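Spelled out, the chains give:
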Amino acid sequence: MSNITVGILLLIAGNLFASLSDVAVKLLNGEVPPLQYIFFRQLISLLLITPLWLRQNKEQRRLQQAKVTLIRGQLILIGSGCMVVAITHMSLATANAVFYVAPLLMLPLSVLLLKEQPALGKLIATTVGFIGALIVLRPSQFHWAALFALGTALTLALFNILVRKIPSKQSVVTTLWWTTLFSLPISALLAIFKWQPLTAIEMGLVSTSAVCILAYNGLAVLAYQKAPAGEIAFAEYSGLVFVVLFGIYWFDEIPDILSIIGMAMILMPIMLKNAISTRWRLVKKKYDKAQN
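Bear in mind that the values here come from a model prediction, so they are computed numbers and not experimental data.

Caption draft 1: Here's a closer look at helix α12 (residues 238-251). With 14 residues, α12 extends 19 Å between its outermost C-alpha atoms, agreeing within 8% with the 20 Å of an ideal straight helix rising 1.5 Å per residue. Every buried residue of α12 is listed here: S238, G239, L240, F242, V243, V244, F246 and G247. Downstream of α12 by one or two residues, D252 has phi in the positive range, about 55°.

Caption draft 2: Quick look at the packing of aromatic side chains. In total, this model carries eleven aromatic pairs according to the counting rule given. Taking the centre distance of 3.7 Å and the plane angle of 0° together, the rings of W53 and W177 count as stacked. Here W177 lies in helix α9 (residues 172-193) and W53 lies in helix α2 (residues 34-54), a separation of 124 residues in the sequence. There is no split in this pair, since W53 and W177 are both buried. Note on F242 and F246: the rings are 6.2 Å apart at their centroids and 20° apart in plane angle, and the pair reads as stacked. Within this pair, F242 and its partner F246 are both found in helix α12, separated by four residues, close to a single helical turn. Residue F242 shares its accessibility class with F246, and that shared class is buried. Counting every residue linked through ring pairs, the aromatic cluster contains W53, W177, W178 and F182.

Caption draft 3: Representation of the pattern of salt bridges in the model. Per the counting criterion, the structure on display carries two salt bridges. E253 is the salt-bridge partner of K26, the closest N and O atoms lying 3.2 Å from each other. Residue K26 is located in helix α1 (residues 3-28), and its partner E253 is located in the loop between α12 and α13 (257-291); the two are separated by 227 residues in the primary sequence. Since its relative accessible area comes to 12%, K26 is described here as buried. Taking relative accessible area as the criterion, E253 reaches 16% and is therefore assigned buried.

Parameters at a glance
- Residues numbered from 1 in each chain as written.
- Predicted model: local features only at pLDDT ≥ 70, side-chain atom pairs only at ≥ 80, totals over all residues.
- Heavy atoms only, no water.
- Helix = DSSP H or I, 4+ residues; strand = E, 2+ residues; numbered from the N terminus.
- Expected span 1.5 Å × (residues − 1).
- Buried < 20%, exposed > 50% of the residue type's maximum accessible area, 1.4 Å probe, protein only.
- Phe/Tyr/Trp six-rings, centres within 6.5 Å; stacked < 30°, edge-to-face > 60°.
- Salt bridge = Lys/Arg side-chain N within 4 Å of Asp/Glu carboxyl O.

Structure below.
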């Protein structure tokens, strides 16, 4: 089995876990305050990551770009809170379709924050994706929770943009550990205001969500270590397929034809961009090989 095939399978497995995390949040049905959910999820995540962090040497555990990491930690709080509200009040498929707007939002954000100059093709792809988002959200049937789904997409885009500020030599485990740690103090403080006792079932669902998200992160890291991102990134979109199927199975959420069209318009530009990028790299590689 080739490394690319292994990478694709790992990413699909990771997105399966991420989708199961969304199911766990949906099953909570808003009974757990979002801020309390975030605190417990981050605490459980930190406890699970810490043994891996401690296995590294002192230099590997050292934090670089503390300010950026601190900001990313708070973005997790905002994005996770918005995610809980969106998934609770919207169908799994609709909420996740809006979450996938994040890669499209990275284009204008990269212009504003990193002063990048996007190509015309990227501008067209982004426009098509945003039109797809409007079709999914249906302004005439607009649900207030969609604003929270857009909030998740925006914070995710910022989260991904800021990762470019972190030195590549810093390990993923170290980045995850410090980011999670920085998210805990404020999440604990905010959770106190809405604190309530949790049942064993609720705590189990929160723990399941935390473990599933960590499983996704771990499998994604393994996948991108196995194969170039451009050749396997399309497997990330399996997550939307999973949430559609889980929504139908667990919650009787059957998307209509307009929603399916909108989802396709959101995903198509991202998938085409990755496919074109991969094709270009292959052509360039062959050209360079022929020149040598």
